Amino acid sequence: MSKSHKQKSEHTNPFLFSIELGFFAGFIWGGVRWLIYTLRFTKVIPGFLAEPFFKHEFLMTPAGHLLGYLCFIAFSVVASLLYVLILRKLKGPWPGMIFGVLCWSAIFLAGSWQFLQQKMFRLPWNSVVSEFCIFLLWGLFIGYTAAMEYTDERKREQQTKLA
């Protein structure tokens, strides 16, 4: 195999990487969301993203919690696709944290009429703060993972030494 072909095959596929990243972001932080709901840090049900499509009573059942968990994973995959395609070259933790805050704002401020049973300003403050922190950390996870994959200087140094 020639060196140029070998170097091309070492590049990360952004589409596959973002799907994998989104799955793990949704899996980990969706589990944390379910846990903070179970421990009563938030009143926002785990299936809040499925609220427009399913009845609230169903989303309160264990099957509804599982559906909500799966919806959060799907939401995370879509969000990471957007992040990786648009913002992957940005370095550091701040872009991911800002992305998480923007997603939180889009859901809890702008989209509260569609996704949430209660409006954001009618939720208890511990729910608002807990959800904000989860989305902040979720965005940090997506952003920092993408930044490490696409701006890691050690990989570039190894590639230039091989060339």
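Reading guide: rules and limits
- Residues numbered from 1 in each chain as written.
- Predicted model: local features only at pLDDT ≥ 70, side-chain atom pairs only at ≥ 80, totals over all residues.
- Heavy atoms only, no water.
- Phe/Tyr/Trp six-rings, centres within 6.5 Å; stacked < 30°, edge-to-face > 60°.
- Helix = DSSP H or I, 4+ residues; strand = E, 2+ residues; numbered from the N terminus.
- Buried < 20%, exposed > 50% of the residue type's maximum accessible area, 1.4 Å probe, protein only.
- Lys NZ or Arg CZ within 6 Å of the ring centre and 35° of its normal.

Visitor: Any details on the packing of aromatic side chains? Residues and values, ideally.
Guide: With the rule as written, the count across this model stands at 17 aromatic pairs. With a centroid separation of 5.8 Å and an interplanar angle of 35°, the aromatic rings of Phe48 and Phe108 are classed as tilted. Of this pair, Phe48 sits in the loop between helix H2 (14–38) and helix H3 (56–59) while Phe108 sits in helix H5 (residues 94–110); the two residues are 60 residues apart in sequence, bridging distant segments of the chain. Like Phe108, Phe48 is buried. Measuring from centroid to centroid gives 5.7 Å for Phe54 and Phe58, while their planes differ by 35°, and the two rings are tilted. A residue is classified by how much of its surface remains accessible, and Phe54, at 38% relative accessible area, is partly exposed. Overall, the relative accessible area of 33% leaves Phe58 in the partly exposed class. Linked through ring pairs, Phe48, Phe72, Phe75, Tyr83, Phe99, Trp104, Phe108, Phe132, Phe135 and Trp138 together constitute an aromatic cluster. Its end group placed over the ring of Phe72, Arg33 keeps NZ or CZ at 6.0 Å from the ring centre. Looking at Arg88, its charged tip hangs above the ring of Tyr150, at a distance of 5.0 Å from the centre.

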